[in-house]
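# Architecture and fold: a report
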Amino acid sequence: MRASGTFTVKAFAPAELAPSPPVSTGVAVGVATMEKHFEGDIVGHSATLFTSAFDQTSGVGTYVAMESFEGSLHDRDGAFNFAHSATTSGSDRTDEFFTIVPSSGTGQLTGITGSGGLAVEADGTHRMWFDYELS
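Only a predicted model underlies this, so the values are computations on that prediction, with no experimental measurement involved. (Residues numbered from 1 in each chain as written. Predicted model: local features only at pLDDT ≥ 70, side-chain atom pairs only at ≥ 80, totals over all residues. Heavy atoms only, no water.)

## Concerning the overall build of the protein
On a plain count of helices and strands, the protein comes out with zero helices and eight strands. Counting helices and strands in the order they occur from the N terminus, the protein gives β-β-β-β-β-β-β-β. Whereas a compact globule of 135 residues would reach a radius of gyration of roughly 14 Å, the protein reaches 16 Å, a difference of no more than 12%. For the protein, the spread of C-alpha atoms along the three principal axes comes to 45 × 35 × 25 Å. Pairs at least 24 residues apart make up 48% of the contacts formed inside the protein by residues separated by at least 6 positions. (Helix = DSSP H or I, 4+ residues; strand = E, 2+ residues; numbered from the N terminus. Rg over C-alpha atoms; globule rule 2.2 N^0.38 Å. Contact = heavy atoms within 4.5 Å.)

Put into structure tokens, the structure is as follows:
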């Protein structure tokens, strides 16, 4: 099944955490926490651990995120984890990865497996979808 919706970032908080030992590279590594709110077939909120190596000036970089979602997919309530990453050269998304963490589902989402994706439209709308199965 496919559940799709839009999301807004309600909070983005950089953390005071840095790799150790320090390694100097051309793009600094950062860590942050995020809160997102979802609407559509996907209703609820998520808490995200977000890491990136990103150059704010050029818009080039890569991120890796571990997200914990609580809410509903197609009116099935529960929670689960998912991981995603992508690279950008400023105006694109490449090398995308997106997976639902096995055995992480609770409630009516127990047994959820699958993948998904996200896209940012030209007007700034953030879209996400899950291609999932329940066992």
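## Side note on the pattern of salt bridges
Enumeration according to the criterion identifies four salt bridges in this entry. A salt bridge links Asp131 to Arg2, with the shortest nitrogen-to-oxygen separation between them at 2.7 Å. Here the residue Asp131 occupies a position in strand E8 (residues 126–134), and Arg2 occupies one in strand E1 (residues 2–14), the gap between them amounting to 129 residues. A relative accessible area of 48% places Arg2 in the partly exposed class. In this structure, Arg93 engages Glu96 in a salt bridge whose closest nitrogen and oxygen atoms are separated by 3.0 Å. Arg93 gets classed as partly exposed once you look at its relative accessible area, which sits at 27%. (Salt bridge = Lys/Arg side-chain N within 4 Å of Asp/Glu carboxyl O. Buried < 20%, exposed > 50% of the residue type's maximum accessible area, 1.4 Å probe, protein only.)

## A closer look at the environment of Asp123
Inspection of the secondary structure puts Asp123 in the loop between strand E7 (112–120) and E8. Judged by relative accessible area, Asp123 falls into the exposed class, the value being 61%. For the pair Asp123 and Gly90, spaced 33 residues apart in sequence, the C-alpha to C-alpha distance is 15 Å. Here the side chain of Asp123 touches Thr125 through a polar contact of 2.8 Å, side chain to side chain. (Polar contact = N/O pair within 3.5 Å; in protein donor to acceptor, adjacent residues only side chain to side chain.)

## What to know about the environment of Ala3
Structurally, the position occupied by Ala3 is in strand E1. Residue classification places Ala3 among the buried residues on the basis of a relative accessible area of 0%. Measuring from C-alpha to C-alpha, the distance between Ala3 and Trp129 comes to 5.5 Å, with 126 residues separating the pair along the chain. If near-sequence neighbours (up to four positions away) are discounted, Ala3 is found in contact with Asp41, Ile42, Leu73, His74, Met128, Trp129, Phe130 and Tyr132.

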